[in-house]
Amino acid sequence: MHEVDMTKALIQTVRQWWESQENGTKISAVHLIVGQFTSVEPDSLLFAFEVQTRQGFLSDAKLVITETPLIAFCHVCQLEYSPQIGSMYSCPGCGGPMEDIRSGRELKIDRIEYEENHAPNL
Ligand SMILES: [Zn+2]
């Protein structure tokens, strides 16, 4: 299952950020952008995240996924369109193949929500 490895990589990236913060920052949410044209299932990702963060520095954090739609651009028609699987993702204007994907392949951390720890320095 591909989402499990992806979640491991995601947690590792967040951990690197977390370790670079000074006072034990408490992460409350990780916002992720997932394109519709990636092969990622948001539900599987949420499940993998929950399972992998039951303990440790992300135990109180939730994963928030924003999906971006698939949008392509046809250079022949100078047109942006939403490719449909039924038409093999071709351009509705000229029927040309999908060549230039403008959105829908993203898979990245948008932002991390956190609370700073204001405990006094010892
Ligand atoms: Zn076209």
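Residues numbered from 1 in each chain as written. Predicted model: local features only at pLDDT ≥ 70, side-chain atom pairs only at ≥ 80, totals over all residues. Heavy atoms only, no water.

(A) How the structure looks around the overall build of the protein chain. Along the backbone of the protein chain there are 2 helices and 6 strands. The secondary structure elements of the protein chain, listed N-terminal to C-terminal, are α-β-α-β-β-β-β-β. Radius of gyration (C-alpha) of the protein chain: 19 Å, far over the 14 Å computed for a compact globule of 122 residues. By its C-alpha atoms, the protein chain is 70 × 30 × 15 Å across when sized along the principal axes. Residues classed as buried in the protein chain amount to 34% of the 122 residues present. Contacts in the protein chain between residues far apart in sequence, at least 24 positions, make up 71% of those at least 6 positions apart. Total accessible area computed for the protein chain in this model is approximately 8000 Å², and 49% of it derives from carbon and sulfur atoms. Across the protein chain, 9 positive and 17 negative side-chain charges occur, with their mean positions spaced 2 Å apart. (Helix = DSSP H or I, 4+ residues; strand = E, 2+ residues; numbered from the N terminus. Rg over C-alpha atoms; globule rule 2.2 N^0.38 Å. Buried < 20%, exposed > 50% of the residue type's maximum accessible area, 1.4 Å probe, protein only. Contact = heavy atoms within 4.5 Å. Areas by Shrake-Rupley, 256 points an atom, 1.4 Å probe, with all protein chains shown as cover. Lys, Arg positive; Asp, Glu negative; His and termini not counted. Charge placed at Lys NZ, Arg CZ, Asp CG, Glu CD.)

(B) Highlighting the sheet that holds strand β4 (residues 79–81). An order of β4-β3-β5 is seen for the 3 strands of this open sheet, with the pairing classed as antiparallel. Pairing within the sheet leaves two strands with one partner each, and these edge strands are β4 and β5 (100–103). Going from strand to strand, the sheet's axes swing by 35° on average, the running direction of each strand aside. When strand β3 (residues 71–74) meets β4, the two strands line up antiparallel, connected through 3 bridges. In the strand pairing of β4, alanine 72 is matched with tyrosine 81. (Pairing = 2+ DSSP bridges. Axes fitted to C-alpha atoms, helices over the stretch in contact; angles between N-to-C directions.)

(C) Broad picture of the coordination of the zinc ion. The protein atoms that coordinate the zinc ion are Cys74 (SG), Cys77 (SG), Cys91 (SG) and Cys94 (SG), at distances of 2.3 to 2.4 Å. What the 4 donor atoms of the zinc ion show is an angle range of 107 to 112° at the metal, which sorts the shape as tetrahedral. Written as a sequence motif, the donor arrangement for the zinc ion is C-x2-C-x13-C-x2-C. You can see cysteine 77 sitting in the loop between β3 and β4 and its partner cysteine 91 sitting in the loop between β4 and β5, a full 14 residues away along the chain. Exposure remark for cysteine 91: the relative accessible area of 3% places this residue in the buried category. (Donors = N, O, S within 2.8 Å, 3.2 Å for Na, K, Ca; no water. Tetrahedral: all angles 85-135°; square planar, octahedral: opposite > 155°, others 65-115°.)

(D) Spatial organisation of the sheet that holds strand β2 (residues 62–68). Strand order in the open sheet formed by 3 strands is β2-β1-β6, and the pairing between neighbours is mixed. Every interior strand has two partners, whereas the edge strands, β2 and β6 (107–115), have only one. Recorded for the sheet is a direction-independent mean angle of 20° between the axes of neighbouring strands. Pairing geometry for strand β1 (residues 26–35) and β2, over 7 bridges, is parallel. Paired with isoleucine 33 across the bridge in β2 is threonine 66. Contacting β1, β2 and β6, helix α1 (residues 2–20) crosses the sheet at an angle of about 45° to β6.

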